[in-house]
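Here is what each chain is made of, one letter per residue.
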Amino acid sequence: MVVACSFITACSLFRLYGPAASTSSQQQFLQLQLKNPKRKTQLFLSGTSSASYEVGNGYPKEENNDDNGFSSEQERKALLRGGEQVISVLEEMVTLLEDMNMDEESEKVAVELAAQGVIGKRVDEMESDFMMALDYMIQLAEKDEDDKRKSLLEVIKETVLSHLTKKCPPHVQIIGLLCRTPQKESRHELLRRVAAGGGVFKGKDELKIHIPAANLNDIANQADDILETMETRPVVPDRKLLARLVLIREEARDMMGGGILDERNNRGLYTLPEPEVNFLAKLVALKPGDTVLGMIRNVMQGKDEGADNAGNDYEGNAERVNATGRKSHPVRPGMFLETVSKVLAGIYTGTESGITAQHLEWVHRKTLQVLQEIAFN
């Protein structure tokens, strides 16, 4: 049977060649989130179907990586462990399907049903290693131009993600939906419906979509937590995903009653970060226009003051030494907008002076526009 042959091929190739290519940005971000057990429910964000939205091109190769792109033996072993788990799932599916006599159309349905049955029993035991190996095996199939094997593996991946999504808290599910919603107006409508209690709504092609109720503050805080994890790394794992999360945080906060002055937004940042303050000072010293917009765009894309520090320890903080010999951090999109918001709030409450609110509002608005371009173009 074609299905069984493709499964066996996938298993054999993994066992024969093992991990021989660098992991994708989805895999890397998945690992990043699972290092903190509290963030395990965020797993599905990193593995959302590439058919739903595009992701970045992965991490730049680190100086201490080997020729295959792996930064440590531990990473390679983790991929091998995950590979054995994937093979176990494949073999159980083959057992279920091998005695069936099906045509091509019914075969597809049977594979999906088999995946649902096998994965449904195992989903609680799955860790990041499983998804890493699954994505790696999909990469192998792409490299070999084996569309049949690739589609079978993607069925497993979609089934895993479907089960994980159902197990995630409502506000995490909503972040996943928002990450796949390119239009600003559509995201705002989704947030309004979520805040109003959720429900079942008609989506594209008259398909019914179930939207759970969730708290806007929980959505904003969850997005902010993931942002913090991503932005404190020397290399931002995925610029597109980062931009989307910043937009989600800002839009959820904006819809809360008090807007920028809402006391629920006053979390975590009590001292303004020096790199972001210095960059903001450069911007407000210039007249709003194309020059300032170009500076914002470059930094949001990871250039100039926002350039990653790829030469540093991958697990350390995003630090570099500036011209004065002091360690400094690159300007990060989420932290920059947080800084702008704090300064604006100070002006609105009369505790700050010297910078016009209109100028800062222009910077804030243009930064969001740039992030929208990065996130969905």
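Residues numbered from 1 in each chain as written. Predicted model: local features only at pLDDT ≥ 70, side-chain atom pairs only at ≥ 80, totals over all residues. Heavy atoms only, no water.

### Some remarks on the overall build of the protein
So, point 1. In terms of helices and strands, the protein carries 15 helices and four strands.
So, point 2. The proportion of buried residues among the 377 residues of the protein is 50%.
So, point 3. A separation threshold of at least 6 residues defines the contact pool for the protein, and within that pool the share at least 24 residues apart is 72%. (Helix = DSSP H or I, 4+ residues; strand = E, 2+ residues; numbered from the N terminus. Buried < 20%, exposed > 50% of the residue type's maximum accessible area, 1.4 Å probe, protein only. Contact = heavy atoms within 4.5 Å.)

### Some details on the pattern of salt bridges
So, point 1. Taken as a whole, this structure holds 20 salt bridges when the rule is applied.
So, point 2. In this structure, the salt-bridge partner of Asp308 is Arg239, at a minimum N-O distance of 3.1 Å. Here Asp308, found in the loop between helix H13 (290-300) and strand S3 (320-321), pairs with Arg239, found in helix H11 (residues 239-255); they are 69 residues apart in sequence, far enough to count as distant.
So, point 3. Take Arg239: its relative accessible area is 17%, and that puts it in the buried class.
So, point 4. Where Arg253 meets Glu338, a salt bridge forms, and the shortest distance between an N and an O atom there is 2.7 Å. Taken together, the positions of Arg253 in helix H11 and Glu338 in helix H14 (residues 333-348) put the pair 85 residues apart, joining distant regions of the chain. For the pair shown, Arg253 and Glu338 are each scored as buried. (Salt bridge = Lys/Arg side-chain N within 4 Å of Asp/Glu carboxyl O.)

### Points about H11
Because the α-helix completes a turn every 3.6 residues, residues three or four places apart line up on one side.
So, point 1. With 17 residues, H11 should cover 24 Å at 1.5 Å per step; its first-to-last C-alpha distance of 24 Å lies within 8% of that length.
So, point 2. Burial analysis of H11 places 15 of its 17 residues in the buried class, which makes it a mostly covered element. (Expected span 1.5 Å × (residues − 1).)

### Notes on the environment of Glu250
So, point 1. Here Glu250 lies in helix H11.
So, point 2. Sequence separation between Glu250 and Leu368 is 118 residues; the distance between their C-alpha atoms is 8.6 Å.
So, point 3. Other than its neighbours up to four places away in sequence, Glu250 contacts Leu337, Ser341, His364 and Leu368.

### Quick notes on the nonpolar core
So, point 1. Ile219, Leu245 and Phe336 are the most contacted members of the largest nonpolar core, which totals 51 residues.
So, point 2. Those elements that place two or more of their residues in this core are helix H8 (170-179), helix H9 (184-195), helix H10 (216-231), H11, helix H12 (274-284), H13, H14 and helix H15 (357-376).
So, point 3. When residues no more than four places from it in sequence are discounted, the contact partners of Leu245 are Ile175, Cys179, Ala223, Ile226, Leu227 and Met230.
So, point 4. Ranked by size, the runner-up nonpolar core spans 30 residues in total, among them Met93, Ala110, Val111 and Leu134. (Core = buried A, V, L, I, M, F, W, Y, C linked by side-chain atoms within 4.5 Å.)

### Here we look at the packing of H13 against H15
So, point 1. The contact between H13 and H15 brings their axes to 10 Å, and the two run at 50°. The pairing of H13 with H15 is recorded here as oblique in orientation. Considering how the two elements wind past one another, H13 and H15 form a crossing that is right-handed. In this structure, H13 contributes Val292, Leu293, Ile296, Arg297 and Met300 to the contact, and H15 contributes Trp362, Val363, Lys366, Thr367, Val370, Leu371, Glu373 and Ile374. (Axes fitted to C-alpha atoms, helices over the stretch in contact; angles between N-to-C directions. Parallel < 35°, antiparallel > 145°, perpendicular 65-115°, else oblique. Left-handed = near helix turned anticlockwise from the far one by under 90°.)

### Digging into H10
So, point 1. For H10, spanning 16 residues, the distance from its first C-alpha to its last is 22 Å, which sits close to the expected 22 Å at 1.5 Å a residue.
So, point 2. Burial runs high along H10: 13 of the 16 residues are buried.

### Description of the environment of His359
So, point 1. Turning to its location among the elements, His359 is positioned in helix H15.
So, point 2. In the structure, His359 is positioned 71 residues away from Pro288 in sequence and 7.2 Å away in space, judged by C-alpha atoms.
So, point 3. Setting aside anything within four residues of it in sequence, one finds His359 in contact with Leu283, Val284, Leu286 and Pro288.
So, point 4. Among the polar contacts made by the side chain of His359, one reaches the main-chain carbonyl oxygen of Leu286 at a distance of 3.3 Å. (Polar contact = N/O pair within 3.5 Å; in protein donor to acceptor, adjacent residues only side chain to side chain.)

### A look at the packing of helix H4 (residues 73-97) against helix H5 (residues 104-122)
So, point 1. Put simply, H4 and H5 touch, their axes get as near as 9 Å, and they point 130° apart. Classified by the interaxial angle, the pair formed by H4 and H5 is oblique. The chirality of how H4 crosses H5 is right-handed. Listed contacts from H5 to Gln85, Ser88, Val89, Glu92, Met93, Leu96 and Leu97 of H4 are Ala110, Val111, Ala114, Ala115, Val118, Ile119, Lys121 and Arg122.

### Quick word on the confidence of the model for the protein
Residues shown with low pLDDT carry predicted positions that ought not to be read at fine detail.
So, point 1. For the protein, the average pLDDT comes to 75, and 69% of its residues sit at 70 or higher.
So, point 2. No element of the protein has a lower mean pLDDT than helix H2 (residues 25-34), which averages 35, and none a higher one than H13, which averages 96.
So, point 3. Segment residues 46-65 is flagged for pLDDT under 50; beyond a separation of four residues in sequence, or across chains, it makes 49 contacts in the model.
So, point 4. Predicted confidence for residues 320-325 stays below pLDDT 50, and this span has 14 contacts to residues more than four positions away or in other chains. (pLDDT = per-residue confidence, 0-100.)

### Focus on unusual backbone geometry
So, point 1. The backbone of Glu145 shows a phi angle near 55°, a positive value even though the residue is not glycine.
So, point 2. Not every positive phi belongs to a glycine, and Asp304 is a case in point at roughly 50°.
So, point 3. With respect to the element layout, Asp304 can be found in the loop between H13 and S3.

### Observations concerning the environment of Ala114
So, point 1. For Ala114, the location among the structural elements is in helix H5.
So, point 2. Spatially, the C-alpha atoms of Ala114 and Leu96 are 6.8 Å apart, while their sequence positions differ by 18 residues.
So, point 3. In contact with Ala114, not counting residues within four places along its chain, are Met93, Leu96 and Leu97.

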